[in-house]
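The chain contents come next:
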Amino acid sequence: MLKNYFKTAWRSLMRFKVFTLINILGLAIGISASLVIYLIVNYDFTFDKFEKDNDRIYRVVSDMKFSGNPYHNSGVPAPVGEAVRNELSGIHVVAAFHQHNSETKVIIPGNTKQPLILKNQDNLIFADANYFKLIPYEWIAGSANSALNDPLKVVLTDKIAKLYFPDLRADQVVGRQVIYDSIATTVTGVVKTLSHNSDFTFHDFISLSTIPATGLKKNYSWDNWGMTNGSSQLYVKLNPGTTPGQIEQQLRVLNTKYVKKHKGFESAFMLQPLSDLHFNSNYRNYNGRLASKGTLYGLLTVAAFLLLLGSINFINLSTAHASQRAKEIGIRKTMGSTKTQLIIQFLSETFLITLLATILSVILAPVLFNIFSGFIPKDLHFSLLHQPDLVAFMILLVITVSVLSGFYPSWILSRYNPVLVLKNQAYANTGQTRRVWIRKSLTVFQFLIAQFFIMGTFLVAKQIHYSLNKDLGFKKDAIISFSTPFFSKQANNRIVLLNRLKNIPGIEMVSLGGNTPATNGTNSGQVNYKDGKKDIQLDVQFKYGDTNYLKLYHIKLLAGNNTHESDTVKEAIVNETYAHMIGFKNAADAVGKTLDWSGVKLPVIGVMRDFNQESLHAAIRPLIFTGASSNSYELHVALGPENNDGTAWKTTIGKISKAYKDIYPEDDFEYEFYDQAIAKFYEKEQHISSLLIWATGLAIFISCLGLLGLVIYTTSLRTKEIGIRKVLGASVTHLVAILSTDFVKLVLISFIVASPVAWYTMNNWLQNFAYRTTINWWIFALSGVLMVLIALVTLSFQTIRAAVANPVDSLKNE
């Protein structure tokens, strides 16, 4: 019986090849997009789900307020871990660890050969046995209970052990020496590298007791309750039945007891669920990649829309095509077929089309993988052989799409009255008017989605263009910057390098300072100003640089003088925002006033023009610029004009690199063009723009496929009408207009509905930017015109063909 259903279904599909091809293409695009998006979403939502009782694991984080401005830090003061262990109840495991310097030099001494030296190693932590109680590593050599009990011990993952000791087995690595900068450790264990999706990407675990045993206590603020550092991490596993609120209440008591209070400063220790670690941008994780739930849900929405568009095509074409199958249905019912059997028959056809579309989608998936590359992690690949969950998802998708697409057409077709059908009165009682209304509504919905995507694409592109071209208050073109090693014994080398760079042809200006004018990271402090009536205390950002810094970046000095060379913070140039916030309507009047920074008196010697210190997501904040060489470790170089051959900058940078290596022979020269660094602020928006472009293209393609199918069907029904109109003198233009009008009306209706929806959504998205572009009327007008033109081009393939056909051919059968 089942075999007959599919045999009949195949014959039916082959009778209507064009409609079958349109349905398969539309569904294949939707299914392939769903497969790729499923992989991305499933990848991110399965992070750190393998830990036992992971719903009871939390990270302790710090939330602070400076003068009402909120700040978040993923770390806690170093002493918190021990205090939590000793003074809090309801906690099963307390695991504290400290991240080591991300630019660590690792030395593996050799017995008979030169030592192996690895620079800039990261993912190293100081931890104890409690860490392994939270994260379930498989031990290959050594024991979790004893491996990190003593100072100067280290546990390695098998992958890093193979890098350090390529010729040794895991058990032979135990007892070997590994030197981290100047810390000599002995390997006491090897664990298997985690195979699950996890943010815990560490591979070297140095015993936590090494910090107090080696004089590193100061580096990690070991006893300092006033220093919150992101490298000091603390995790807790709660007892069954203990709620996060109970622990946070005890943490508030702990905070009150130990953390010193300052005017305008508030702090609190909070619990961050382990499941939130991969998504919360307020607190960093360890692999450098945070996923956005909003983006993931957006991807799911795109997949759902594309799948829905393909399903709508099938529903529309199947119901429109129903009249050509009326006699088949009438004969089947006369021969004894039940309504259930007919529904199964038509669902079999849908299943067959969906199955063919799925096979095609597997071929298309690698192409879409490249399209969504901005959202795909490097270690995620498309492979049916190694991803059984993907195969299960495909099976579920085939069943769901078959039912979603096929049920309504099957239900409509199976309700035909065989008597009326065989009398050529199939439409007398089959709800044709209702079906036409549903078909038109579905077509409007298709083009609504397509136009929504078009409008979104234009707006996002407009905001990105605005962000990259807005006057930020400083120069960003033809400037490179690079850091020098941050060691006090090499401080004088920066001056030597600075002087050498000044003599290199091709360099217009060079400056020694802190970070660039706009960065992701900030350095701030509490600064007071007494105006005689009240004490104004604000959290103020600091930037450092020599006398060339403001000149190099073309930051305009509105009043007063430039900063002077100094080793320490002795004077301040404030920005307009800060001058206004401390009460000066005319910013220049702030010159000559005195600020108080933690007891250090800072005379205001100048006022500079406001510039953006971060991306346009953030508003301009109060800022002090000062010349303190002790905080200046970055060199900023303004390059001369590029020549026609495009070689001038390359030559100049080569000379800079040589000068750098002469002074820092053991360090790598790494630089960045500043305009490219600014562009990275908006990588997320650029990925969204890319996604919208492709989603728009696919939505338009699927919608136009459906439109083409409907117009083919409509013109076939109106063949004789067209012939008669042509005999009576109708022109080709007039006939094309008649055939296209109804469809263009549907596109215009979708435009009217899509515009307010798109405006509301885009306006909400723009609220993420402190400085944003405007939503102009032309975005909607251009989107509507573009969609109408695309629809007309699609319609013209069939309408012009029908209009120019010889009327004799259509009327000779009458």
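So, here is what we can say about the structure in this document. (Residues numbered from 1 in each chain as written. Predicted model: local features only at pLDDT ≥ 70, side-chain atom pairs only at ≥ 80, totals over all residues. Heavy atoms only, no water.)

## Let's talk about the overall build of the protein
Scanning the protein from terminus to terminus reveals 24 helices and 24 strands. Relative to its 814 residues, the protein shows a buried fraction of 50%. Roughly 38,000 Å² of accessible area belongs to the protein as shown, and the carbon and sulfur atoms make up 57% of that amount. (Helix = DSSP H or I, 4+ residues; strand = E, 2+ residues; numbered from the N terminus. Buried < 20%, exposed > 50% of the residue type's maximum accessible area, 1.4 Å probe, protein only. Areas by Shrake-Rupley, 256 points an atom, 1.4 Å probe, with all protein chains shown as cover.)

## Things to note about the environment of Phe743
Looking at where Phe743 falls in the secondary structure, it is placed in helix H22 (residues 732–766). Relative accessible area serves as the criterion here: at 9%, Phe743 is assigned to the buried category. Along the sequence, Phe743 and Leu795 sit 52 residues apart, while their C-alpha atoms lie 8.4 Å from each other. Leaving out residues up to four positions away in the same chain, Phe743 has contacts with Leu707, Leu710, Val711, Thr714 and Leu795. (Contact = heavy atoms within 4.5 Å.)

## A few points about the packing of aromatic side chains
Here the structure, examined in full by the defined rule, presents 38 aromatic pairs. Here Tyr660 and Phe669 contribute two aromatic rings whose centre-to-centre distance is 5.3 Å and whose plane-to-plane angle is 50°, an arrangement assigned as tilted. By the burial criterion, Tyr660 is buried, and Phe669 matches it. With a centroid separation of 5.3 Å and an interplanar angle of 65°, the aromatic rings of Trp765 and Phe769 are classed as edge-to-face. According to the relative accessible area criterion, Phe769 is buried, its value standing at 1%. The positively charged end of Lys470 is found above the aromatic ring belonging to Tyr771, 5.2 Å away from the centroid. (Phe/Tyr/Trp six-rings, centres within 6.5 Å; stacked < 30°, edge-to-face > 60°. Lys NZ or Arg CZ within 6 Å of the ring centre and 35° of its normal.)

## Considering the nonpolar core
Side chains of nonpolar character tend, in soluble globular proteins, to be buried together. Within the largest apolar cluster, 102 residues are counted, with the highest numbers of intra-cluster contacts made by Leu306, Phe474, Tyr553, Ile555, Met608, Tyr674 and Ile678. When near neighbours in sequence (up to four residues on either side) are disregarded, Leu306 contacts Gly30, Ala33, Ala695, Leu698, Ala699 and Ile702. (Core = buried A, V, L, I, M, F, W, Y, C linked by side-chain atoms within 4.5 Å.)

## Focus: the sheet that holds strand E15 (residues 507–513)
Read across the sheet, four strands follow the order E15-E23-E14-E24 without closing on themselves; strand pairing throughout is antiparallel. Every interior strand has two partners, whereas the edge strands, E15 and strand E24 (672–673), have only one. As judged from the six bridges shared by E15 and strand E23 (residues 634–639), these two strands associate in the antiparallel manner. Within the sheet, the bridge partner assigned to Gly513 lies in E23 and is Glu634. Together, strand E14 (479–483), E15, E23 and E24 form the strand contacts of helix H18 (residues 648–663), whose direction differs from that of E14 by roughly 20°. (Pairing = 2+ DSSP bridges. Axes fitted to C-alpha atoms, helices over the stretch in contact; angles between N-to-C directions.)

## Topic: unusual backbone geometry
Residues other than glycine seldom take positive phi values, yet Asp181 does so here, at roughly 55°. Relative to the assigned elements, Asp181 resides in the loop between strand E9 (177–180) and strand E10 (183–191).

## Side note on a nonpolar patch on the surface
Taken together, the side chains of Val391, Ile395, Ile399, Val403 and Phe407 present a nonpolar region at the surface, about 440 Å² in accessible area. Within the secondary structure layout, Val391 lies in helix H12 (residues 388–414). Note on Val391: relative accessible area 32%, which makes it partly exposed. (Patch = residues over 30% accessible without salt bridge, like charges linked within 9 Å, V, L, I, M, F, W, Y side chains within 5 Å. Salt bridge = Lys/Arg side-chain N within 4 Å of Asp/Glu carboxyl O.)

## Details of the pairing of strand E3 (residues 91–99)
For E3, a buried count of eight out of nine residues is recorded, marking the element as mostly surrounded by other parts of the structure. Here E3 runs beside strand E12 (residues 232–238); their pairing, made up of seven bridges, is antiparallel. Its bridge partner lying in E12, Ala96 is registered against Leu234. Here E3 runs beside strand E6 (residues 124–127); their pairing, made up of two bridges, is antiparallel. Bridging across to E6, Gln99 finds its partner in Ile125.

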